[in-house]
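As a plain string of letters, each chain reads:
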Amino acid sequence: MEKVIIIRYSEIHLKGKNRGYFERVFALNIEKSLKGFKHETRRLSGRYLVEGFDEFQTDALLERLKRVFGIHSMSVALKVKSDMDLIFAAAKEVCSESGTFKVVSHRADKTFPLNSMQISAEIGGRLISCMDKISVDVHEPHFTINIDVRENGTSLVFNEFFKGAGGMPVGTSGKGLLLISGGIDSPVAGHMIAKRGMNIDCIHFHSYPYTNMQARDKVIELARVLSKYTCGTRLNIISVTHIQEEIHKKCNGEYMVTLLRRFMMRIAEKCALKSGAQCLITGESLGQVASQTVEGITSSNSVIKKLPVLRPLCGFDKDEIIERSRAIGAYDISVQPYEDCCTVFLPKHPVIKPTMENILSEEGKLDVEGLIDEAMQSLEVITL
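Residues numbered from 1 in each chain as written. Predicted model: local features only at pLDDT ≥ 70, side-chain atom pairs only at ≥ 80, totals over all residues. Heavy atoms only, no water.

(A) Just the packing of helix 5 (residues 185-195) against helix 6 (residues 213-230), in detail. With their axes 10 Å apart at the nearest point, helix 5 and helix 6 run at an angle of 10° to one another. It follows from the interaxial angle that helix 5 and helix 6 lie roughly parallel. In this structure, helix 5 contributes Pro 187, Gly 190, His 191 and Ala 194 to the contact, and helix 6 contributes Leu 222, Leu 226, Tyr 229 and Thr 230. A class-by-class count of the residues in the contact of helix 5 with helix 6 yields five nonpolar, three polar and no charged. (Axes fitted to C-alpha atoms, helices over the stretch in contact; angles between N-to-C directions. Helix = DSSP H or I, 4+ residues; strand = E, 2+ residues; numbered from the N terminus. Parallel < 35°, antiparallel > 145°, perpendicular 65-115°, else oblique. Contact = heavy atoms within 4.5 Å. Nonpolar A, V, L, I, M, F, W, Y, C, P; charged D, E, K, R; others polar.)

(B) Summary view of the packing of aromatic side chains. Counted by the stated rule, this structure contains seven aromatic pairs. Ring plane angle 70° and centroid distance 5.5 Å describe the contact between Phe 26 and Tyr 48, whose orientation is recorded as edge-to-face. Remark: Tyr 48 occurs in strand 3 (residues 47-51) and Phe 26 occurs in helix 1 (residues 19-33); sequence separation between them is 22 residues. Neither residue differs from the other here; Phe 26 and Tyr 48 are each classed as buried. Residues Phe 101 and Phe 143 carry aromatic rings whose centres are separated by 5.8 Å and whose planes lie at 15° to one another, so their mutual orientation is stacked. Taken as a pair, Phe 101 in strand 5 (residues 99-107) and Phe 143 in strand 7 (residues 143-149) lie far apart in primary sequence, 42 residues in all. (Phe/Tyr/Trp six-rings, centres within 6.5 Å; stacked < 30°, edge-to-face > 60°. Buried < 20%, exposed > 50% of the residue type's maximum accessible area, 1.4 Å probe, protein only.)

(C) Inspection of the sheet that holds strand 11 (residues 199-206) at higher detail. The strand order across the open sheet built from six strands is 14-13-10-11-12-15, with neighbouring strands paired in mixed fashion. The sheet is open, and its two edges are formed by strand 14 (309-310) and strand 15 (380-383), each paired on a single side. The pairing of strand 10 (residues 175-179) with strand 11 spans five bridges and is classified as parallel. Its bridge partner lying in strand 11, Leu 177 is registered against Asp 201. (Pairing = 2+ DSSP bridges.)

(D) Fine view of unusual backbone geometry. Between Tyr 208 and Pro 209 the backbone carries a cis peptide bond, its omega angle lying at 10°. Tracing the chain through its elements places Pro 209 in the loop between strand 11 and helix 6.

(E) Examining the side chain of Arg 150 more closely. With respect to the helices, strands and loops of the structure, Arg 150 is situated in the loop between strand 7 and strand 8 (154-158). The exposure class assigned to Arg 150 is buried, which follows from its relative accessible area of 2%. Side-chain polar atoms of Arg 150 contact the side chain of Asp 148, separated by 3.1 Å. (Polar contact = N/O pair within 3.5 Å; in protein donor to acceptor, adjacent residues only side chain to side chain.)

What follows is the structure, given as structure tokens:
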């Protein structure tokens, strides 16, 4: 008998005539996630089978696969020839030593001599006869032995389901550019949009030497965490030090954050259009900080000319965001005490409800296009 991993997909089965496209992208993402492991992947009816791997690497393979969007669930199974003696041997192997159980069988191969009910009854009877600490309970068993008799003359026997990441395969919903800071929110926002099938690139703004290189390294690590779910990502790094210095020198300090956000959005849109991204993504949550009031968001949005801006965290509170950050493995990196660019020249009392009239008046003191062009010259791209 051989140990294999069964992969069942999530929403793909709803896609009708387009299902083939989603399945191809899904299979490609599985292969990307398992790069470096010896294995073979093949498609069965409505599922995929990973086989030919070293059994001691089973847990490592599962950890990789748990981050692949589009997977509904997985099982580690024993694959045997469709013979009742061999199926029983596999069932005994996965059976717990004690407790109540039931056997659930599925017969895809209609030429197999026993139907599903007969398979379950016979295997269950054999198990009871040779194991004295187990008993049958078809309503609330402690464990279930699943038998899947396939059309190709093989059967799969397993007893456990592992939850997958769900969602849609990355790459089936276009491409977005995530504004990623060193905080908790933006990696979670990127993860949520990637779960809906979008390819994610990232853009980060830094203020070196006012912020140190550890702050930059922290963002690279956060992008690396996100890349594990997105089959890789590109991180664009841009300096806005000169922009902040100009705002600090020429404008009302209360508008520092508001004006800086407008520059960031302009630069992000420019980078997005250059790289083929179809939207911007931010980690803004309504009312969380001064720049995330309706007025602040309106100000930021008003400079975007061609692309939509997605804000998946807009209705989330901080505890919900932290919970998701922990779940994706980003939290411990996000809370490292290195400041991002938004903390540089931070006013004691930033304006909470800026009016467009005042914003445009302050912005009029700056060479907006010249500052943006200078920022674009500092662009550094890291592929993760």
